[in-house]
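In case you want the letters, here they are:
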Amino acid sequence: MTVILMTQETGSRGDEVAAGVAECLGVELVHRERLERCIAERTQIDEATVQRIFKDKASLLERWMIDRRRLSRCMAHEVVRLAARGDVLIQTCRVTPLLRLIKHVICVHVCAT
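Just so you know, these numbers come straight off a predicted model, no measurement behind them.

Reading the values: the criteria
- Residues numbered from 1 in each chain as written.
- Predicted model: local features only at pLDDT ≥ 70, side-chain atom pairs only at ≥ 80, totals over all residues.
- Heavy atoms only, no water.
- Helix = DSSP H or I, 4+ residues; strand = E, 2+ residues; numbered from the N terminus.
- Rg over C-alpha atoms; globule rule 2.2 N^0.38 Å.
- Buried < 20%, exposed > 50% of the residue type's maximum accessible area, 1.4 Å probe, protein only.
- Contact = heavy atoms within 4.5 Å.
- Areas by Shrake-Rupley, 256 points an atom, 1.4 Å probe, with all protein chains shown as cover.
- Lys, Arg positive; Asp, Glu negative; His and termini not counted.
- Charge placed at Lys NZ, Arg CZ, Asp CG, Glu CD.
- Polar contact = N/O pair within 3.5 Å; in protein donor to acceptor, adjacent residues only side chain to side chain.

### Focus: the overall build of the protein
Stage number 1. What the protein contains, in helices and strands, is five helices and four strands.
Stage number 2. Written out in order from the N terminus, the α and β elements of the protein read β-α-β-α-α-α-α-β-β.
Stage number 3. Compactness check: the protein gives a C-alpha radius of gyration of 14 Å against a globular reference of 13 Å for 113 residues, within 12% of the reference.
Stage number 4. Projecting the C-alpha coordinates of the protein onto the three principal axes gives extents of approximately 45 × 30 × 20 Å.
Stage number 5. When the 113 residues of the protein are sorted by exposure, 39% land in the buried category.
Stage number 6. Long-range pairs, those at least 24 residues apart, make up 67% of the contacts in the protein with a sequence separation of at least 6.
Stage number 7. In the structure as shown, the protein presents an accessible area of about 7,000 Å², 54% of it carried by carbon and sulfur atoms.
Stage number 8. Separation of charge centres in the protein, based on 18 positive and 15 negative side chains, amounts to 6 Å.

This is the structure:
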């Protein structure tokens, strides 16, 4: 069972890296947009708002109105649910501390040079 959690810096071409790694390893690629969509559905928050919050671009009002811990817990739950399926590369914006408890998850961070 292969589970890779990949985060990236802005300008690192992480989307291309993730696609290439997933193709080479023959695992399913789960884009962060899909993860954000699942979180938005679960929390009943607009998907664009979820994206802005995770990218630290939310307005003061959005940050005040939405419980960031709740969003983080939902993200962790979704990532764990996907990881349980196995053979998956999950592209996300943040490393989920909960995943450190799962021994077979490989965490990779793509940096810009």
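### Regarding the environment of arginine 81
Stage number 1. Mapped onto the elements of the fold, arginine 81 is located in helix 5 (residues 68-85).
Stage number 2. Here arginine 81 falls in the partly exposed class, since its relative accessible area comes to 36%.
Stage number 3. When the C-alpha positions of arginine 81 and threonine 2 are compared, they lie 14 Å apart, and in sequence the two are 79 residues distant.
Stage number 4. At 2.8 Å, the side chain of arginine 81 and the side chain of glutamate 78 are in polar contact.

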